[in-house]
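Understanding the architecture of this molecule
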Amino acid sequence: MNDYIIRGTAANDQVRFFAAYTKDVVETARQKHNTSPVATAALGRLLTAGAMMGSMCKNDSDVITLQIQCSGPIGGLTVTADSKANVKGYVNNPDVMLPPSKEGKLDVGKALDLGVLTVIKDIGLKEPYSGQTNLITGEIAEDLTYYFASSEQIPTSVALGVLMNKENTVRQAGGFMIQMMPFASDEVITALEERLKDFTSVTSHLDRGETPEDMMAELFEGMDMTIEDKIPTEFYCNCSKERVSRAVISVGKKELADMIEEGKPIEVNCHFCNSHYNFSVEELEEMLKAAR
């Protein structure tokens, strides 16, 4: 099953939902960043959320960034997604190792600990929109639920999951976001709350061979569910040597001149996908000519 996101509505448009399967997205991130199991789980959850929130954007040029700054040993995470659900991201400390939680699970909450979640939406306005909330549990899904309620005033249920194999590859990954419209009735809200209480976990459903469609069909049984769209999602970084060279030029003439004076090639790494770009002294000299 290739990675994808479904979008739809239920209960006569009183509810909208997004559900994702993201195993390849998370496994690609694990390979690129060589993340530990708990770092893979944390980054995988945020990548899944980012892909779904990217798919909520209305314009092709819209970009959403989810950033977590935290006191825990993971140090922080950053994820960026576009409206086509292309997503990329990294963790500050990919090697973090922790004992399992009391429930025997990867302890993402302990890896993050206290911190702040910032959501930045670049939707073509003069200034990007930015909303910020404190981390509630550090488990990411609950933190995003709180963000939607406090910053966007949208009652939202967020579920995210990453299940690892014993050899530390990704076994399953996915999630969903269910949002109540302002005119949702108390009956619909109560019924959904009860069903969500009984819902085990995203990864347990995926590991039984269920799809995002199956999960939503179970939660919205008898509620007139309609799937409006199915879009592919992938880990994708748009970095290139040309883009990186522009970034190097932007450091300024003095810094470029200092690099050239050292007489050694430089290597620049992309945070998001860990690609390495080398620039010779001759290339740096050409860049200095182009610098303002």
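Preceding this section is the structure that the text describes.
As the structure is a prediction and not an experimental result, all values here were calculated from the model.

1. What to know about the packing of aromatic side chains
This structure, assessed with the given rule, holds four aromatic pairs. Geometrically, the ring pair formed by Tyr-147 and Phe-148 is edge-to-face, given 5.4 Å between the ring centres and 65° between the ring planes. Note that Lys-88 overlies the ring of Phe-272, its terminal NZ or CZ placed 4.7 Å from the centroid. Over the aromatic face of Tyr-4 sits the side chain of Lys-230, whose NZ or CZ is 4.2 Å from the ring centroid.

2. Here's the deal with the layout of surface pockets
Gaps left between atoms show up when a probe the size of a water molecule is rolled over them. For the largest pocket, the calculated volume is near 1100 Å³. Taken together, 38 residues line the largest pocket, and the ones lying closest to its centre are Arg-45, Lys-105, Leu-106, Glu-139 and Leu-160. Secondary structure elements with two or more residues in the lining of the largest pocket: helix H2 (37-55), helix H4 (141-151), strand S8 (156-164) and helix H6 (202-207). The element that contributes the greatest number of residues to the lining of the largest pocket is S8, accounting for eight residues. For the lining of the largest pocket, a count of residues per class yields 20 nonpolar, ten polar and eight charged. Counted as a void, the second largest pocket has a volume near 290 Å³.

3. Considering the sheet that holds strand S4 (residues 76-82)
Taken in spatial order, the six strands make up an open sheet running S7-S6-S3-S4-S5-S11, and their pairing is mixed. A single partner strand is all that each edge strand has here, and the edge strands are strand S7 (129-134) and strand S11 (234-235). As paired strands, strand S6 (residues 115-122) and S7 are joined by six bridges and run antiparallel to one another. Paired with Val-119 across the two strands is Gly-131, which belongs to S7. Sheet strands touched by H2: strand S3 (63-70), S4, strand S5 (86-91), S6 and S11. Its angle to S4, the strand with the most contacts, is close to 30°. Those strands touched by H4 are S6 and S7, and its axis lies near 120° from that of S7.

4. As for the pattern of salt bridges
Between side chains of opposite charge, a pair can form as their charged atoms come close. Evaluation of the coordinates by the stated rule reveals eleven salt bridges. Across the pair Glu-139 and Arg-45 runs a salt bridge whose closest N-O atoms are separated by 2.8 Å. You can see Glu-139 sitting in the loop between S7 and H4 and its partner Arg-45 sitting in helix H2, a full 94 residues away along the chain. Of the residues examined, Glu-139 reaches a relative accessible area of 22% and is grouped as partly exposed.

5. Looking at the sheet that holds strand S9 (residues 170-180)
With antiparallel pairing, five strands are arranged side by side in an open sheet as S8-S9-S2-S1-S10. In this open sheet, the two strands that pair with only one neighbour each are S8 and strand S10 (226-232). The mean inter-strand angle of the sheet, taken between neighbouring strand axes irrespective of direction, is 10°. Strand direction decides the pairing type here: strand S2 (residues 15-21) and S9, joined by seven bridges, are antiparallel. Pairing of Ala-20 across the sheet is with Gly-175, part of S9. On top of the sheet, H4 reaches S8 and S9; it is set at about 160° to S8, its chief contact. Packed on one face of the sheet, helix H5 (residues 186-198) meets S2, S8 and S9 and runs near 160° to S9.

6. A word on H4
All of the buried residues in H4 are Ala-141, Asp-143, Leu-144, Tyr-147 and Phe-148. The arc that holds every buried residue of H4, seen down its axis, measures 160°, which confines them to one face. Following H4 by one or two positions, Gln-153 has its phi on the positive side, about 55°.

7. Re the side chain of Asp-3
You can see Asp-3 is positioned in the segment before strand S1 (4-10). Non-local contacts of Asp-3, meaning those with residues more than four positions away in its chain, are made with Tyr-21, Thr-22, Lys-23, Asp-24, Val-25, Pro-232 and Thr-233.

8. Observations concerning unusual backbone geometry
Phi angles above zero are rare outside glycine, and Ala-85 is one such case at about 65°. With respect to the element layout, Ala-85 can be found in the loop between S4 and S5. Relative accessible area serves as the criterion here: at 0%, Ala-85 is assigned to the buried category. Not every positive phi belongs to a glycine, and Asp-113 is a case in point at roughly 60°. Structurally, Asp-113 can be placed in the loop between helix H3 (108-112) and S6.

Parameters and conventions
Each chain carries its own residue numbering, running from 1 in the direction its sequence is written. Note on the predicted model: pLDDT of at least 70 is required for a residue's local features to be given, and 80 or more for side-chain atom pairs to be given and counted; whole-chain, interface and lining totals, by contrast, use all residues. Here the side-chain values reflect all heavy atoms present in the structure, with hydrogen atoms and water set aside. Only centres within 6.5 Å qualify two rings of Phe, Tyr or Trp (six-membered ring in Trp) as a pair; their planes then separate them into stacked at under 30 degrees, edge-to-face at over 60, and tilted for everything else. Any Lys NZ or Arg CZ found within 6 Å of a ring centre and within 35 degrees of that ring's normal is scored as a charge over the ring. The rule is simple: put a 1 Å grid over the protein atoms alone, call a set of points where a 1.4 Å probe fits but cannot get out a cavity, call an open set with protein on both sides within 12 Å along at least five of seven lines a pocket, and count a residue as lining if it has an atom within 4 Å of a point. Grid points are joined across faces, edges and corners, and a volume is the space filled by probe spheres set on the points. Working definition: helices are DSSP H or I runs of at least four residues, strands are E runs of at least two. Numbering for both runs from the N terminus. For this classification, the nonpolar set comprises Ala, Val, Leu, Ile, Met, Phe, Trp, Tyr, Cys and Pro, the charged set comprises Asp, Glu, Lys and Arg, and every other residue, Gly included, is treated as polar. At least two DSSP bridges between two strands are needed for those strands to be called paired. Between two residues, a contact is recorded if the distance between any of their heavy atoms is within 4.5 Å. To obtain an axis, a line is fitted to C-alpha atoms, over the contacting stretch when the element is a helix, and the angle between two such axes runs from 0 to 180 degrees between their N-to-C directions. Salt bridges are defined by distance alone: a side-chain nitrogen of Lys or Arg within 4 Å of a carboxyl oxygen of Asp or Glu. Relative accessibility decides the category of a residue: with a 1.4 Å probe and only protein chains considered, values under 20% of the type maximum give buried, values over 50% give exposed, and everything between is partly exposed. As used here, the arc is the angular range of directions from the helix axis to the C-beta atoms.

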